[in-house]
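# Structural features, examined
Below are the chains, spelled out letter by letter.
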Amino acid sequence: RVRMESAFHEGCEVDDDSKSDDGGHGEKRPRANKRKRLIVLDAPNVCMAHGRHSVFSTRGLRLAIAYFEARNFQVMAMMPEYYLDRAYVARKRRQQSRGEEVSAAKLPDDIDALESLCDDGLLFTTPAQDYDDSYTLEYARKHDAVVVSNDRFRDYVDKARAEERDDVRDWLRTHVMSFTFVRDEFLPNPDFRFV
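A separate point is helix α2 (residues 43-50). Burial runs high along α2: eight of the eight residues are buried. The set of residues buried in α2 consists of Ala 43, Pro 44, Asn 45, Val 46, Cys 47, Met 48, Ala 49 and His 50.

With that settled, consider the sheet that holds strand β5 (residues 38-42). Read from one edge to the other, the open sheet built from five strands follows the order β7-β6-β5-β8-β9, with strand pairing classed as parallel. Whereas interior strands pair on both sides, the edge strands pair on one side only; in this sheet they are β7 (123-126) and β9 (176-177). Summarising the sheet, strand β8 (residues 146-148) and β9 pair through two bridges and their orientation is parallel. Residue Val 147 lies in a different strand from β9, and its bridge partner there is Val 176. Against the sheet, helix α3 (residues 58-70) contacts β5, β6 (74-80), β7, β8 and β9, and its axis sits at roughly 170° relative to β5.

Once that is clear, we can look at the side chain of Ser 134. Here Ser 134 is to be found in helix α6 (residues 132-142). In this structure Ser 134 comes out as buried when scored by relative accessible area, which is 17%. A distance of 3.1 Å separates polar atoms of two side chains, one belonging to Ser 134 and the other to Lys 159.

This part covers the pairing of β6. Along β6, six of the seven residues are buried, which leaves the element largely enclosed by surrounding structure. Pairing geometry for β5 and β6, over five bridges, is parallel. Note that in β6 the partner of Val 40 across the bridge is Met 76. Pairing between β6 and β7: four bridges, direction parallel. Paired with Met 78 across the strands is Phe 124, a residue of β7.

The full count for this structure, using the stated rule, is nine salt bridges. A salt bridge links Asp 184 to Arg 59; the nearest nitrogen and oxygen atoms lie 2.8 Å apart. In this pair, Asp 184 is assigned in the loop between β10 (179-182) and β11 (185-188) and Arg 59 in helix α3, connecting sequence segments 125 residues apart. On the basis of relative accessible area, Arg 59 is assigned to the partly exposed category, the value being 37%. Between Arg 98 and Glu 100 there is a salt bridge; the shortest N-O distance is 3.1 Å. When its relative accessible area of 56% is taken as the criterion, Arg 98 is described as exposed. A relative accessible area of 37% places Glu 100 in the partly exposed class. Overlapping salt bridges, with partners in common, bring together Arg 86, Asp 112 and Glu 115 in one network.

Criteria and cut-off values
Residues numbered from 1 in each chain as written. Predicted model: local features only at pLDDT ≥ 70, side-chain atom pairs only at ≥ 80, totals over all residues. Heavy atoms only, no water. Buried < 20%, exposed > 50% of the residue type's maximum accessible area, 1.4 Å probe, protein only. Helix = DSSP H or I, 4+ residues; strand = E, 2+ residues; numbered from the N terminus. Pairing = 2+ DSSP bridges. Contact = heavy atoms within 4.5 Å. Axes fitted to C-alpha atoms, helices over the stretch in contact; angles between N-to-C directions. Polar contact = N/O pair within 3.5 Å; in protein donor to acceptor, adjacent residues only side chain to side chain. Salt bridge = Lys/Arg side-chain N within 4 Å of Asp/Glu carboxyl O.

Everything listed is a geometric property; what it means functionally is a separate question.
Now the structure itself:
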């Protein structure tokens, strides 16, 4: 337990130089304001992991958010907007009830909870027709965030220009944190180190 906790405090604070104080003398001096690093959750990945890959468990997402919030991290999650589309989900459930093959990854168990997370500014959606991992990873790269996911993002690497692939792989190695659940306990990779 001690080792895991120390991993999340080592190197996870960043300077917020966006705030400065001129002290009334016209010269800008940065204020010492430390904040924890931004965590971006790959929401479908987290939900499916909590549901043991057979249920899209919204509870898993709430547990992961609570874990990072309790440790004073900035946290947000991203997922395709179709997860909140009641008509789409209802259509998938009808298909499933008729015996058609429907992936559990397309059937969120609690749309109300997902909407509540959106209302709270913790969950953000990506366009349904687009590749959601691109949005998640580009946002994380832009904000020097850590992505929580068990996805290896091979397709994201493959989409990168050939001359950028090594840089993309390096970034993923240092900015993607794996995790697991033990019942309802969220456990991020204890060996992950913030860089």
